[in-house]
Every structure is written in C-alpha cells, then in structure tokens.
Amino acid sequence: ETMRLLFNMRRQSATVPVMPEERGAYRERLKREGLIDEAYLVWVNGLRDKERDALGLVYNGSFELPLSNAGFGWHLRHPRAEGATLATQGAVGARALELRFRALETRFQHLHQPLFLDAGTYRLSGQVRSERLKTQGGLRWRVRCRLPEPAVLGESTRLFGPDGWEAFSFDFEV
C-alpha cells in the first residue's frame, strides 16, 4: 500500500513526469508481490503511442519494434547470444528477430516474454528461418506458466529447418 501511495503521488506531479526507471522499479516490485495485473497496467500506461500499437496477446509479436528487455516485452539475456530486429524478406511483416550465437554449447532458453493471459485456449504461431544453425536438438518455441505453479503449457515441434522460412504453430491452454 505504501509503494502504491508513493507511486501515485509521484505520478500526479505536474512538473516532473515519472521517469522510466521509476516506473520500472515500481512495476518489478508489483511483479515480485504477485500483483501481475497491476504491474501489467503500469507497464502499458508507460508505453508510447507506437509501442501501444504493438499490443496484443504477444507484445511486438512480429518484431517490428526493437527488443525492450523490460516489462512485458521481449527479453534476451545470454552472454553468448545477441538479438536485433532487422528488415527482412519472406517473413510476415517488414522485420524479424535475428539471433546470433557465439559458440553456444548449452541449451538456450534466454529469449522470453512475460504474458498476461486470461484462462482459455490459445494458439501460438510464427515463422522460423534457421540459417547456418548447427544443433543436435533443434529449435522450438515453448509457453510456460510461472504462477501459481510452474508448468509447460505447450511447445512447438523441433525445428531443424532448411534455410528458408518454416511455419510453426501449437495450441495451449491457460
């Protein structure tokens, strides 16, 4: 309650707007406290108009905007992986996410997006192009639930892929 009161007082300041760092700290505190719906609203209210246009069940699902590494956007954190959204051909939309790995020899599970979904049945679909990817296990997309109990809700088939674009989809239930 104290954090809520302080944030709301700070938000009402007519002279100095809430800084992104302040909004982020408050949002992360709400998430730690399990107040996911409130954290999501704080995040949405901090988005610019162009970022709000990318809202959907998956935020920036076509990777038209850069990775945000914050809030309910895409997060990429691994010392041997880099990611950027780049203009490309053959994909739906004008851009796609490009991941580059540098001698990565472990399982990669470091690209994720926290989702805020109501109970129901969903389908995750997309396209993958695995250019020069050398892997024994392939690549797959996975949806996990973190709260209230960790669980895998669904995953794509393993994609080894030719160098061209390959479609995938799978259903999952929240």
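Residues numbered from 1 in each chain as written. Predicted model: local features only at pLDDT ≥ 70, side-chain atom pairs only at ≥ 80, totals over all residues. Heavy atoms only, no water.

1. Let's talk about a nonpolar patch on the surface
- A cluster of nonpolar side chains, Met-3, Leu-5, Leu-6 and Met-9, forms an exposed patch at the surface whose accessible area comes to about 390 Å².
- Looking at where Leu-6 falls in the secondary structure, it is placed in helix α1 (residues 2-11). (Patch = residues over 30% accessible without salt bridge, like charges linked within 9 Å, V, L, I, M, F, W, Y side chains within 5 Å. Areas by Shrake-Rupley, 256 points an atom, 1.4 Å probe, with all protein chains shown as cover. Salt bridge = Lys/Arg side-chain N within 4 Å of Asp/Glu carboxyl O. Helix = DSSP H or I, 4+ residues; strand = E, 2+ residues; numbered from the N terminus.)

2. Comments concerning the packing of aromatic side chains
- In this structure the tally under the stated criterion is 11 aromatic pairs.
- With a centroid separation of 5.9 Å and an interplanar angle of 10 degrees, the aromatic rings of Trp-141 and Phe-168 are classed as stacked. Of this pair, Trp-141 sits in the loop between β5 (121-128) and β6 (142-145) while Phe-168 sits in strand β8 (residues 166-173); the two residues are 27 residues apart in sequence, bridging distant segments of the chain.
- These aromatic residues form a ring-pair network of at least three members: Tyr-40, Trp-43, Tyr-59, Phe-72 and Phe-116.
- Seen from the ring of Phe-72, Lys-31 lies directly overhead, with NZ or CZ sitting 5.3 Å from the centre. (Phe/Tyr/Trp six-rings, centres within 6.5 Å; stacked < 30°, edge-to-face > 60°. Lys NZ or Arg CZ within 6 Å of the ring centre and 35° of its normal.)

3. Here we look at the packing of α1 against helix α2 (residues 20-32)
- Relative to each other, α1 and α2 sit at 155 degrees, their axes nearing to 11 Å. It follows from the interaxial angle that α1 and α2 lie roughly antiparallel. α2 is crossed by α1, and the crossing has left-handed handedness. Where α1 abuts α2, its residues Met-3, Arg-4, Phe-7 and Arg-10 lie against Glu-22, Arg-23, Tyr-26 and Arg-29.
- Taken together, the residues of the contact of α1 with α2 break down into 3 nonpolar, no polar and 5 charged. (Axes fitted to C-alpha atoms, helices over the stretch in contact; angles between N-to-C directions. Parallel < 35°, antiparallel > 145°, perpendicular 65-115°, else oblique. Left-handed = near helix turned anticlockwise from the far one by under 90°. Contact = heavy atoms within 4.5 Å. Nonpolar A, V, L, I, M, F, W, Y, C, P; charged D, E, K, R; others polar.)

4. Quick look at the confidence of the model for the protein chain
- Taken residue by residue, the protein chain gives an average pLDDT of 88. The fraction at 70 or more is 98%.
- Mean pLDDT values for the elements of the protein chain range from 86 in strand β3 (residues 95-101) up to 95 in helix α4 (residues 49-52). (pLDDT = per-residue confidence, 0-100.)

5. Notes on unusual backbone geometry
- We note that Asn-60 has phi near 55 degrees; this positive angle belongs to a residue other than glycine.
- The residue Asn-60 is located in the loop between α4 and β1 (75-76) in this model.
- One non-glycine residue, Asn-69, adopts positive backbone phi at about 55 degrees.
- Turning to its location among the elements, Asn-69 is positioned in the loop between α4 and β1.

6. Here's the deal with the environment of Trp-165
- Within the fold, Trp-165 resides in the loop between β7 (151-155) and β8.
- For Trp-165, a relative accessible area of 28% translates into the label partly exposed.
- As for Trp-165 and Arg-129, which are separated by 36 residues in sequence, their C-alpha atoms are 4.5 Å apart.
- The contacts of Trp-165, once residues within four sequence positions are left out, are Thr-88, Gln-89, Gly-90, Ala-91, Ala-96, Gln-127, Val-128 and Arg-129. (Buried < 20%, exposed > 50% of the residue type's maximum accessible area, 1.4 Å probe, protein only.)

7. A look at the pattern of salt bridges
- The final tally for this structure, using the stated rule, is 11 salt bridges.
- Two residues, Glu-38 and Arg-4, come together in a salt bridge whose shortest N-O distance is 2.7 Å. In this pair, Glu-38 sits in helix α3 (residues 36-45) while Arg-4 sits in helix α1, placing the two residues 34 residues apart along the sequence.
- The partner of Glu-98 in a salt bridge is Arg-100, with the nearest N and O atoms 3.2 Å apart.
- When its relative accessible area of 29% is taken as the criterion, Glu-98 is described as partly exposed.

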